Amino acid sequence: MSSHREQAVRRLTAPDIAARKGQTPIVCLTAYTAPMAELLDEHCDLLLVGDSVGMVIHGLPNTVGVTLEMMILHGQAVMRGARRAMVVVDMPFGSYEGSAETAYANATRIMKETGCSAVKVEAGPAVAENIEYLVKRGIPVMGHVGLRPQAIMVDGGFRAKGKTNHERVRILEDARAAAEAGAFAVVVEGVAEGLAREITETIEVPTIGIGASAGCDGQILVTDDMLGLFDWTPKFVRRYGDIRGQIAQSIAAYADDVRNRRFPGPAEIYFAKAG
Ligand code: KIV
C-alpha cells in the first residue's frame, strides 16, 4: 500500500511558472467551483479564481461589485478540487489599490483562508508599490494589464486596448511596472498582437494572454466561455464545446419525461423489502 506521502502530488509554484518564460506555453483556465477544478486540474498548469466569477456565476454586470468574501468562498472551493495546478485568486476591486498595508491584510486573508498559492491584481505604476510590498513579504503576485475589467468605469467599457500609441505606451509601462515590482507573471488581456509580443519580449516574467495573440508565454480563457455556456462569445474565444445547447437539450428532455410520467422509472425508485 502506498503511503499518504507517496500519493501526495506536488503543486506547481510561482517559481515553476516564472521559470517557464519562453518555454512550453503555460496552460491556464479560470475555475470557480470544486468539481470544475477537479476536471481542469490534470490539464492545466494554473487555475485562476478570477473575479469574472461575479459575472459568470453571480450574474453581475461587471466585476466592480465582487467582494473579498466571494473570492475567498470560490477560492476555497477550487482548492478542494485542484491538486497539481497552481491556484491564483483575484483580489477584487477596492481590496489592494488604496495602500500597501490594506493590500497586505486582504492578500494574507485570501491566502490563509483559501490555501491558494498567489493573488492577482490589475497592475500599473499606481499599484506597483503595493505589489512590491506584498512580494517582499512572501505573497506571490500576478499582474493583469491591457483590458482591465475593474477599470471599465474610467476606461469606458470592455474594449480592446493599445490601438493608439498613447495606450500602447501606457500598457507597456503597466506591464513593466508589474514585472519590476516582482510579479511572477503578467496576464495581458485584449491587446493587438504586436503589443503582446513587445510586452513578452520586454519583461522578464511570463505573459499569459487572453485576447492577446499567440505572442505570449501562455494562454488563459474563461472556462465557461470556451465551453459555450453563453449565447455570445468574444472574438478571441475559441469554443471547444456547446454546454449551453447540451444543458438546454437535457432540461427539455427531463421536463418532457416528468410531464409524461416517464421519470422516475422502475430503475430509479426504491422498493420495500419483501416480508
Ligand atoms: O477574472 C478573470 O477571469 C480574469 C481572466 C479573464 C484573466 O482576470
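See above for the structure.
Description of the structure in this document. (Residues numbered from 1 in each chain as written. Predicted model: local features only at pLDDT ≥ 70, side-chain atom pairs only at ≥ 80, totals over all residues. Heavy atoms only, no water.)

### Points about empty space enclosed by the protein
Heads up, the condition is: Cavity and pocket criteria rest on a 1 Å grid covering protein atoms alone: a 1.4 Å probe that fits but cannot get out defines a cavity, protein on both sides within 12 Å along at least 5 of 7 lines defines an open pocket, and an atom within 4 Å of a point defines a lining residue. Grid points are joined across faces, edges and corners, and a volume is the space filled by probe spheres set on the points. Put simply, DSSP H or I for four residues or longer makes a helix, DSSP E for two residues or longer makes a strand, and each gets a number counted from the N terminus. Ten residue types, Ala, Val, Leu, Ile, Met, Phe, Trp, Tyr, Cys and Pro, are classed as nonpolar, four, Asp, Glu, Lys and Arg, as charged, and the remainder, Gly among them, as polar.
Under the counting rule described, the total for this entry stands at one cavity of 30 Å³ or more. Approximately 30 Å³ is the volume attributed to the largest cavity. Lining the largest cavity are Tyr 96, Ala 103, Val 121, Val 127, Asn 130, Ile 131 and Leu 134. If one sorts the elements of the lining of the largest cavity by residue count, helix α7 (residues 125-136) sits on top with four residues. In terms of residue class, the lining of the largest cavity is made up of six nonpolar, one polar and no charged.

### Focus on the layout of surface pockets
Here the largest pocket defines a volume of roughly 940 Å³. Mapped onto the lining of the largest pocket, the elements with two or more residues apiece are α4 (53-56), β4 (118-122), β6 (185-189) and β8 (218-221). Residue classes in the lining of the largest pocket are distributed as 20 nonpolar, eight polar and ten charged. In this structure, the second largest pocket spans a volume of roughly 480 Å³. Forming the boundary of the second largest pocket are 22 residues, of which Gln 219, Ile 220, Leu 221, Arg 238 and Tyr 240 lie nearest the centre. Elements with a contribution of two residues or more to the lining of the second largest pocket: β1 (26-30) and β8. Broken down by element, the lining of the second largest pocket gets its largest block of residues, four residues, from β1. Partitioned by chemical class, the residues of the lining of the second largest pocket number 17 nonpolar, four polar and one charged.

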